[in-house]
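# Coordinate analysis (summary)
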Amino acid sequence: MTGAPNPSYDNILEIKNLQTSFFTKDLEVKAVDGVSFNIPKGKVLGVVGESGSGKSITSLSILRLIEEPGKIKGGEILFKGENLLDKSEAQMRKIRGNEISMIFQEPMTSLNPTFTVGQQISESFRIHEGLGKKEAKKKSIEMLKLVGIPSPEKRINQYPFELSGGMRQRVMIAIALACNPDLLIADEPTTALDVTIQAQILDLMKELQEKLDMGILLITHDLGVVAETCDYVAVMYCGKVVEFTDKKTLFTEPKHPYTVGLMQSVPQHDQDVDGDLAVIRGSVPSPADMPQGCRFAPRCPFATDLCRNKLPDLETDEEGNQIRCWIYSDEWDGDPEVNVHEQSKSTS
Amino acid sequence: MNNQKVLLKVDDLKQYFPIKGGFFGRTVNHVKAVDDISFEVYEGETLSIVGESGCGKSTTGRAVLRLDEPTDGKVEFDGTNILELNKKEMNKFRKDMQIIFQDPYASINPRHTVRQILTEAMEIQNAVPKHERNDRVKELMETVGLGAHQIDRHPHEFSGGQRQRIGIARALSVDPKLIIADEAVSALDVSIQAQVINLLKKLQREFKLTYLFISHDLGVVRHISDRIIVMYLGKVVEIADKKSLFTNNMHPYTKALLSAIPSTDLEAKKERITLKGDVPSPIDPPEGCRFHTRCPFATDICRTKVPELRNTEGMKDGHRAACHHMEAIRSGEHQPTVNA
């Protein structure tokens, strides 16, 4: 759609050493600090992390939606082989909502309350495809039908407040998919929804992803959602990717102590836990005093002097899985027999 | 379980909120947030109420404390019907019943220091002699895992998990018997959530607390509860001990709710029961069984007759569900009419 012939590419999106910072008077907060990952064509990548890990800022950086005092400081964002950071604002505007779409957590705040659902879906058709009013309306009805909204001819004239939360999220998805994007960024798309509605929306996203063969970047904090929808997973902590693997490896053999801690600390509805839950002690460090070594070292039960003093690199193994942890390097100075799956169960 | 002392007994509780409208601002209709529910909470146990938004679980918690005046019914705390008490008498009971809210930042005064926050309730209740209050505050801080040196800080100087600890400390300050935790860990990041859950369990053991734990997260509920109530649209659809609820559930809604939760167990072969549509409006709830509009097993009787909570063969004592067809569904005799 951009006109120029695309060079061949395997990954719909490749992020290389992305750095996005926010500047205050005397402080630079490195929200995204050297993030790299790929999304192969037609695959779903889950990005997992807690608040402040930089997952949402990463997605906003891809669309170049970072506002003052934030700034993308460096790195590359290759979308279909072309670096988005080299594009002009006018070119970006053509890409947003057309080739890359985004859906947000709260559909009520991202839909315009003063326009009907139909007007909001038609907008993308009219802007990006230059369709006329009538034609856009017809296509909008088709989109609503696609996302499973009953009697779309009626719904199209309704305002967002007349719809339930699940319906609104379906409308958001309809808008996002209107122009057949190659990449969909979904930032906690089901977090605000009830589980029975979440199940409907996840099923819908999976179904449409297969039908339209698009890549999805799914940002979530819910490991269950990851397990059910993603092909690959990137775990983020304090602005860095600490582990990147295919889904199966993540759930059967998580390597990073943070990943392991996350998995053990979430009680599951289909498993019993004896006694106390495993916890990750302490809390996420403040950006103003980020540890100089591994960001996770102060909370890690296995941390050694090496971890506290030197930041590990993101290393790739022969299967393409990536890990940022000294335990798996030749330089490791702790117990060589260390088992990251045995963490302490202290309460404080 | 049955020889335990009943601490809280809720009978036929109704909470209708009026909808004003029309020319004179008359009451035109009601939101039937909680419609005729009964349950008991035993001393020292954790009873959870689960359900989706709008099912009435938080309203139930608030009605029990009379934060909203219930429309009808009885709430007996330690043998006294607290709905008949006047304000002064009620205030005495408030010492024994405390609540922890979801958003600790919205529920503690940002202009007060932790010391002020924690002493306020003791002052109002006159629970602790004046000269001992300072020591008590320090003790509370340590109990919930905060440092005594943080006593003169303001809420904004704490992280979300620490603020929730302050909320817990405030609830504990007057030495209550019952704590209602309304989505108390839902806003916390998972690594912090585990810390707070462990803290709640520790406090329960130490102070013999009784919890009414309101949550939408069935993973947390499975970990923390002794018994569980499932609510749907203002009604109790199933009540059971934890084990029965997760392994021998009877109500189609409970089954659908559990099957909808994404699982991290990649091996588990799950049959997801996808419910059609949305929860109907509580202003005009469906006749008969309120779940019938979304239930794959619904028949004519479900559309007309309200099912009673009952126990049947193969269910443990105290396990009850409100479904006309639960026997036939279990035996496989009654198959889903609409295959979703």
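Residues numbered from 1 in each chain as written. Chains lettered and ligands numbered in written order. Predicted model: local features only at pLDDT ≥ 70, side-chain atom pairs only at ≥ 80, totals over all residues. Heavy atoms only, no water.

The name an unreviewed UniProt entry gives chain B is Oligopeptide transport ATP-binding protein OppF, with Oceanobacillus oncorhynchi as the organism. You can read under Sequence similarities (unreviewed entry) in the UniProt record for chain B the words "Belongs to the ABC transporter superfamily." (UniProt positions renumbered as here; feature names shortened; annotations may be inferred.)

An unreviewed UniProt entry annotates chain A as Oligopeptide transport ATP-binding protein OppD of Oceanobacillus oncorhynchi. According to its UniProt record, chain A has this under Sequence similarities (unreviewed entry): "Belongs to the ABC transporter superfamily." Quoted verbatim from the Subcellular location (unreviewed entry) heading of the UniProt record, the comment on chain A is "Cell membrane".

With that settled, consider helix H4 (residues 117-129) of chain A. All names here are of chain A. Taking 1.5 Å per residue as the helical rise, H4 with its 13 residues ought to reach 18 Å, and the 18 Å between its terminal C-alpha atoms agrees with that figure. Structurally, H4 contributes buried residues whose contacts are with helix H5 (133-146), helix H6 (152-155) and helix H7 (165-177). Downstream of H4 by a residue or two, Gly130 has a phi angle that is positive, lying close to 60°. (Helix = DSSP H or I, 4+ residues; strand = E, 2+ residues; numbered from the N terminus. Expected span 1.5 Å × (residues − 1). Contact = heavy atoms within 4.5 Å.)

The next point concerns unusual backbone geometry. Of the consecutive residues Glu68 of chain A and Pro69 of chain A, the connecting peptide bond is found in the cis state with omega at 0°. With respect to the element layout, Pro69 of chain A can be found in the loop between helix H1 (55-62) and strand E4 (70-79). We note that Asp213 of chain A has phi near 50°; this positive angle belongs to a residue other than glycine. Tracing the backbone shows Asp213 of chain A in the loop between helix H8 (195-212) and strand E8 (215-220). By relative accessible area, which is 55% here, Asp213 of chain A ends up exposed. In this structure, Arg66 of chain B is a non-glycine residue whose phi angle is positive, near 60°. Positionally, Arg66 of chain B belongs in the loop between helix H1 (57-64) and strand E4 (72-77). Among the residues examined, Arg66 of chain B registers a relative accessible area of 15% and is labelled buried. (Buried < 20%, exposed > 50% of the residue type's maximum accessible area, 1.4 Å probe, protein only.)

Next up on the list: the confidence of the model for chain A. Summary statistics for chain A give a mean pLDDT of 88 and a share of 96% for residues scoring 70 or more. Counted against residues more than four places away or in other chains, residues 1-6 of chain A, with its pLDDT under 50, gives 5 contacts. (pLDDT = per-residue confidence, 0-100.)

Of the pockets and cavities examined, the largest pocket occupies roughly 1200 Å³. Lining of the largest pocket is provided by 47 residues; of these, Thr191 and His221 of chain A together with Ser186, His216 and Asp217 of chain B occupy positions nearest its centre. Elements with a contribution of two residues or more to the lining of the largest pocket: H8 and helix H9 (223-229) of chain A together with H1, helix H7 (190-207) and helix H8 (218-224) of chain B. With 3 residues, the single largest contributor to the lining of the largest pocket is H9 of chain A. For the lining of the largest pocket, the per-class residue count stands at 17 nonpolar, 20 polar and 10 charged. (1 Å grid on protein atoms, 1.4 Å probe; cavity = no way out; pocket = protein on both sides within 12 Å on 5 of 7 lines; lining within 4 Å. Points joined across faces, edges and corners; volume = space filled by probe spheres on them. Nonpolar A, V, L, I, M, F, W, Y, C, P; charged D, E, K, R; others polar.)

Okay, the nonpolar core next. Residue and element names in this part refer to chain B. Formed by 70 residues in total, the largest nonpolar core has its most connected members in Ile168 and Leu200. Ranked by residue count, the leading element in this core is H7, at 7 residues. Other than its neighbours up to four places away in sequence, Ile168 contacts Ile100, Val144, Val196, Leu199, Leu200 and Leu203. (Core = buried A, V, L, I, M, F, W, Y, C linked by side-chain atoms within 4.5 Å.)

We now examine a negative patch on the surface. A cluster of acidic residues, Asp12, Asp36, Asp72 and Glu308 of chain B, forms a negative patch at the surface. Tracing the backbone shows Asp36 of chain B in strand E2 (residues 26-42). (Patch = residues over 30% accessible without salt bridge, like charges linked within 9 Å, V, L, I, M, F, W, Y side chains within 5 Å. Areas by Shrake-Rupley, 256 points an atom, 1.4 Å probe, with all protein chains shown as cover. Salt bridge = Lys/Arg side-chain N within 4 Å of Asp/Glu carboxyl O. Lys, Arg positive; Asp, Glu negative; His and termini not counted. Charge placed at Lys NZ, Arg CZ, Asp CG, Glu CD.)

All names here are of chain B. Scanning the model with the defined rule gives 28 salt bridges over all chains in all. The residue Lys5 makes a salt bridge to Glu43 at a minimum N-O spacing of 3.8 Å. A residue pair is termed long-range when its members are at least 10 positions apart, and Lys5 in the segment before strand E1 (6-21) and Glu43 in the loop between E2 and strand E3 (46-50) qualify at 38 residues. Here Asp152 and Arg115 are joined by a salt bridge, their closest N and O atoms 2.9 Å apart. One end of the pair, Asp152, is in the loop between helix H5 (133-143) and helix H6 (160-172); the other, Arg115, is in helix H4 (residues 114-125), with 37 residues separating them in the sequence. Its relative accessible area of 45% is what places Asp152 among the partly exposed residues.

Residue and element names in this part refer to chain A. A sheet is described by the order of its strands in space; here 8 strands give the open sequence E6-E7-E8-E3-E9-E10-E12-E11, paired in mixed fashion. Each edge of the open sheet carries a strand with a single partner, namely strand E6 (100-103) and strand E11 (315-316). Contacting E6 and strand E7 (183-187), H7 runs over the sheet at an angle of about 170° to E6. Against the sheet, H8 touches strand E3 (44-48), E6, E7 and E8, its axis set at about 160° to E8. (Pairing = 2+ DSSP bridges. Axes fitted to C-alpha atoms, helices over the stretch in contact; angles between N-to-C directions.)

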